[in-house]
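Residue-level listing of the chains:
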There are 2 protein chains.
Amino acid sequence: MIRFFVAPQDVGADSIKLNSEDFEHIRSLRLAPDELFIVCDGENNDYTCSLGERNERFVVRIVEQKKVLNEPLITSTIYAAYSKGDRLDYTVQKAVELGVYNVILYESKRCVSVPNNIPKRIERLQRIAKEAAKQCGRGIIPKVTDIGKLNDAVVDSIGQSDLTLFCYEDEEKQHIKDLLEFHFSQENKDNKIMSVSIITGPEGGFEPSEAELAKSKGTHIVSLGKRVLRSETAPIVALTALMYHTDNL
Amino acid sequence: MIRFFVAPQDVGADSIKLNSEDFEHIRSLRLAPDELFIVCDGENNDYTCSLGERNERFVVRIVEQKKVLNEPLITSTIYAAYSKGDRLDYTVQKAVELGVYNVILYESKRCVSVPNNIPKRIERLQRIAKEAAKQCGRGIIPKVTDIGKLNDAVVDSIGQSDLTLFCYEDEEKQHIKDLLEFHFSQENKDNKIMSVSIITGPEGGFEPSEAELAKSKGTHIVSLGKRVLRSETAPIVALTALMYHTDNL
């Protein structure tokens, strides 16, 4: 069923006010008055709606309300380095499909392409996140933001999450699976992990000093395997591993 | 280190003959005579090479030979339905990074875009596979081929693999993790699984009759979670899950 997002304050007792763009989209589909579609408030509430008979401008009628059950039980954040071309578009789109909670961008030493206009890039990526959230049936729209430099990303992730994975192509010993198995093991069940951050680098990877910095602040350095993953692939692979391990796939 | 592929017959006792394109690429890098690069025979042998003093046309000198250790221990095949735009480019590129053995394309009922010129599309995807294999350090170049219709893909996968996963968006009960845990469990260790096929659908998903067909022939229907994955995302998520589960990440 086709799906739209509104702000919670646009949801009334028996009707919802859409923005003009979404309303025009619905009208363009030439739905019958009783044909159903979903409006989500971005806070895990889905409203099954119809246009109704009145066709009041921008307003649709609520037929049924229910909780969205598609959200993963673990809160995940991806910290991705700025990279070339449309690589981040891809990262954001796929991360949203996989259930990411938010995506935070930062600059590291080997970044070859930091946008001149960061707010504009963020706005574009936020639009991609919203479209992906509509398409895959999310109950929230993951936020895309910028946080400055790698050091800021590391400090933020440590403060916000129970566990931070720093994906480093030169790490050979500690694989992501070892780390997840350890931290989500029965022995660790008193320290229950509810939120995980994943930090990944730019096309050229991290400098050793960056990995050392991340480790010294308390992140866990992990390998994503023997093959070198592209900068847009690494966050998706790490996120898939996390969702798989925690039964959210 | 920069990496090239040659055919095994181009490898001599102490030198290797490159094709003109790769040789020109090396020359364009203006390497010193003793600077090193890797030439792989596509059969898991890496040759560390240099241009040497002679600069003989197309021929480079072997400095050291070693086995490639980057290949996963499980042989995986992705059967992907034809889909629009550059979606298959993405599937092939990421699948190669993740260690796929080969990618086989087929047509299903809801395919909205089957190429008029299949050999040309395959040739393009094979080039993408080769580039990805160079970049991520594979010991082989995964093959990209076409097999016809879904029925052919199902029959082929059952014949070629120890286990076939049919990823179906309407499956709610059997998650991919349940299936992998069962088939790779200690109790099943006498039936050791060495090869796994993954079948995924086009943008519009599979028709129920297609899932029934696949099941009746012996594939295992699995869910990739509650969120609807795009056609190019599903094979990568399933392959990541497989590689993670089998300790190949």
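All values derive from a computational prediction rather than experimental measurement.

**Student:** Would you take a moment to explain the relation of the copies chain B and chain A for this structure?
**Tutor:** The relation between the two chain copies is a rotation about an axis coupled with a shift along that axis. Least-squares fitting of chain B to chain A yields an RMSD of 0.0 Å, with the superposition described by an axial translation of 0.0 Å and a rotation of 180°. This pairing of chains is accounted for by a two-fold axis. Of all interface residues in chain B, 100% are interface residues in chain A too; the two copies therefore contact each other through one and the same surface.

**Student:** Just checking my understanding: could you explain the interface of chain B and chain A for this structure?
**Tutor:** Much of the literature gives interface size as the accessible area that the parts lose upon coming together. Contacts between the two partners involve 27 residues from chain B, matched on the other side by 27 residues from chain A. Take the side of chain B that touches chain A: its biggest share by element is four residues, from helix α7 (residues 234–245) of chain B. Looking at the side of chain B that touches chain A residue by residue, the class counts come to 10 nonpolar, nine polar and eight charged.

**Student:** I tried to follow the nonpolar core on my own but got confused; where do I start?
**Tutor:** Across soluble globular proteins, nonpolar side chains show a tendency to be buried alongside one another. Core analysis: the largest hydrophobic core is formed by 127 residues, its most contacted members being Ala238 of chain A together with Ala238 of chain B. Dropping the residues within four chain positions of it, Ala238 of chain A is found in contact with Leu165, Cys167, Ile176, Ile198, Thr200 and Leu224 of chain A.

**Student:** Explain helix α2 (residues 87–97) of chain A here, please?
**Tutor:** Think of an α-helix as 3.6 residues a turn; residues three or four steps apart then line up on the same face. All names here are of chain A. Buried residues dominate α2, accounting for nine of its 11 residues. Every buried residue of α2 is listed here: Leu88, Tyr90, Thr91, Val92, Gln93, Lys94, Ala95, Val96 and Glu97. Each element contacted by the buried residues of α2 is listed here: β6 (75–81), β7 (102–107), α3 (118–136), β8 (143–149) and α7 (234–245). Taken from the residues just after α2, Gly99 is the one with a positive phi, measuring 100°.

**Student:** What's the story with the sheet that holds strand β4 (residues 45–50) of chain B in this structure? I'm lost.
**Tutor:** Sheet strands pair by backbone hydrogen bonding; their relative direction is either parallel or antiparallel. All names here are of chain B. Ordered in space as β1-β3-β4-β5-β2, the five strands form an open sheet in which the pairing is mixed. The sheet is open, and its two edges are formed by β1 (3–5) and β2 (15–17), each paired on a single side. Across the sheet, the mean angle separating the axes of adjacent strands is 40° when strand polarity is ignored. One ladder, built from four bridges, connects strand β3 (residues 37–40) with β4; its direction is antiparallel. Counted as the bridge partner of Phe37 is Cys49 from β4.

Thresholds applied
- Residues numbered from 1 in each chain as written.
- Chains lettered and ligands numbered in written order.
- Predicted model: local features only at pLDDT ≥ 70, side-chain atom pairs only at ≥ 80, totals over all residues.
- Least-squares fit on C-alpha atoms with pLDDT ≥ 70 in both.
- Contact = placed C-beta atoms within 7 Å.
- Helix = DSSP H or I, 4+ residues; strand = E, 2+ residues; numbered from the N terminus.
- Nonpolar A, V, L, I, M, F, W, Y, C, P; charged D, E, K, R; others polar.
- Core = buried A, V, L, I, M, F, W, Y, C linked by C-beta atoms within 7 Å.
- Buried ≥ 20, exposed ≤ 12 C-beta atoms within 10 Å, placed from the backbone.
- Pairing = 2+ DSSP bridges.
- Axes fitted to C-alpha atoms, helices over the stretch in contact; angles between N-to-C directions.

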